[in-house]
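# Notes for the structure review
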Amino acid sequence: MRRAVIRREERAASELFEAVYPRLAGWCRRLVDDDGTAHEIAAEAFTRLWARWTAVEEPNGFLYVTAANLVRDHWRRMERERRALRRVTTEQSVRGQAEAADPSVRLLVQSLPERLRNPVLLYYYADLPVREVAALLGRNEGTVKADLHAARELLRARLKGHHDRIS
């Protein structure tokens, strides 16, 4: 009896997927203007529906509301990335004047491995909080903090006392 119920639910979910997924993905595509992202959002909406399958009364509504929320999250993430890029660009023009006085720190930061350089640029030069740096880089906050610490240690070792303490 239990297996029959599970099979029926799986069949219903499969039929819903076949009927709704193309339309949902197309709707998402028009909102995010990227095919890959649209499919990721539509698939994630179905994943979230499946996790709550027995509790959701209106699956179509749930899918579209979930997809809309995921699209909104995508837009927010893109806006954060645009703001960060603008900050970095602005910082580069302002920094150009300061770098003339001490090009060694700039060169040392540029020589860091990308894994360490990106958090340093976003945190110290773009003045983003660790939380936003983590979101932009797709890393955990703890990982970003560890990378910043490793970068500081590496810079400290390379500077060998030529500058005041790096914090």
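Residues numbered from 1 in each chain as written. Predicted model: local features only at pLDDT ≥ 70, side-chain atom pairs only at ≥ 80, totals over all residues. Heavy atoms only, no water.

## Re the overall build of the chain
- Helix and strand counts for the chain come out as seven helices and zero strands.
- Taking all 167 residues of the chain together, 29% fall into the buried category.
- Pairs at least 24 residues apart make up 55% of the contacts formed inside the chain by residues separated by at least 6 positions.
- Per element, the accessible surface of the chain, about 11000 Å² overall, is 52% carbon and sulfur. (Helix = DSSP H or I, 4+ residues; strand = E, 2+ residues; numbered from the N terminus. Buried < 20%, exposed > 50% of the residue type's maximum accessible area, 1.4 Å probe, protein only. Contact = heavy atoms within 4.5 Å. Areas by Shrake-Rupley, 256 points an atom, 1.4 Å probe, with all protein chains shown as cover.)

## Concerning the environment of Tyr21
- Along the chain, Tyr21 falls in helix α1 (residues 2-32).
- Judged by relative accessible area, which is 14%, Tyr21 ranks as buried.
- For the pair formed by Tyr21 and Leu63, sequence separation is 42 residues and the distance between their alpha carbons is 9.3 Å.
- Residues contacting Tyr21, with those up to four places away along its chain left out, are Leu16, His39, Ala42, Ala43 and Phe46.

## A short note on the packing of aromatic side chains
- In this structure the tally under the stated criterion is six aromatic pairs.
- With a centroid separation of 4.7 Å and 25° between ring planes, the pair formed by Phe17 and Tyr21 is classed as stacked. Of this pair, Phe17 and Tyr21 both sit in helix α1, four residues apart, roughly one helical turn.
- Accessibility expressed as a relative area gives 37% for Phe17, which makes it partly exposed.
- For the pair Tyr21 and Phe46, a centre-to-centre distance of 6.0 Å together with 50° between the ring planes defines the contact as tilted. With a gap of 25 residues between them, Tyr21 in helix α1 and Phe46 in helix α2 (residues 35-51) connect regions that are remote in the sequence.
- Overall, the relative accessible area of 11% leaves Phe46 in the buried class. (Phe/Tyr/Trp six-rings, centres within 6.5 Å; stacked < 30°, edge-to-face > 60°.)

## Describing the environment of Arg87
- Tracing the chain through its elements places Arg87 in helix α3 (residues 59-99).
- Taking the C-alpha atoms as reference, Arg87 lies 8.3 Å from Tyr125; in sequence the two are 38 residues apart.
- Not counting residues up to four positions away in its chain, the partners in contact with Arg87 are Ala126, Leu128 and Glu132.

## Describing the packing of helix α5 (residues 114-125) against helix α6 (residues 130-137)
- For the pair α5 and α6, interaxial distance at closest approach is 9 Å and the crossing angle is 140°. Relative to α6, α5 is oriented oblique. The two elements α5 and α6 meet at a crossing, and its hand is right-handed. For the pair formed by α5 and α6, the contact residues are Asn118, Pro119, Leu122 and Tyr123 on the first element and Val130, Val133, Leu136 and Leu137 on the second.
- Here the residues of the contact of α5 with α6 sort into seven nonpolar, one polar and no charged. (Axes fitted to C-alpha atoms, helices over the stretch in contact; angles between N-to-C directions. Parallel < 35°, antiparallel > 145°, perpendicular 65-115°, else oblique. Left-handed = near helix turned anticlockwise from the far one by under 90°. Nonpolar A, V, L, I, M, F, W, Y, C, P; charged D, E, K, R; others polar.)

## Here's the deal with helix α7 (residues 141-159)
- Its 19 residues give α7 an end-to-end C-alpha distance of 27 Å, which sits within 8% of 27 Å, the value for a rise of 1.5 Å per residue.
- Of the residues one or two after α7, Lys160 is the one with positive phi, at around 45°. (Expected span 1.5 Å × (residues − 1).)

## Here's the deal with the pattern of salt bridges
- Under the criterion given, the structure shown has nine salt bridges.
- Measuring nitrogen to oxygen at the nearest pair gives 3.6 Å for the salt bridge that ties Arg29 to Asp35.
- For Arg29, a relative accessible area of 31% translates into the label partly exposed.
- Among the salt bridges present, the one from Glu79 reaches Arg82, with a minimum N-O distance of 3.3 Å. With Glu79 and Arg82 both in helix α3 and three residues apart, this pair spans about one turn of that helix.
- Among the residues examined, Glu79 registers a relative accessible area of 28% and is labelled partly exposed.
- Overlapping salt bridges, with partners in common, bring together Arg29, Asp33 and Asp35 in one network. (Salt bridge = Lys/Arg side-chain N within 4 Å of Asp/Glu carboxyl O.)

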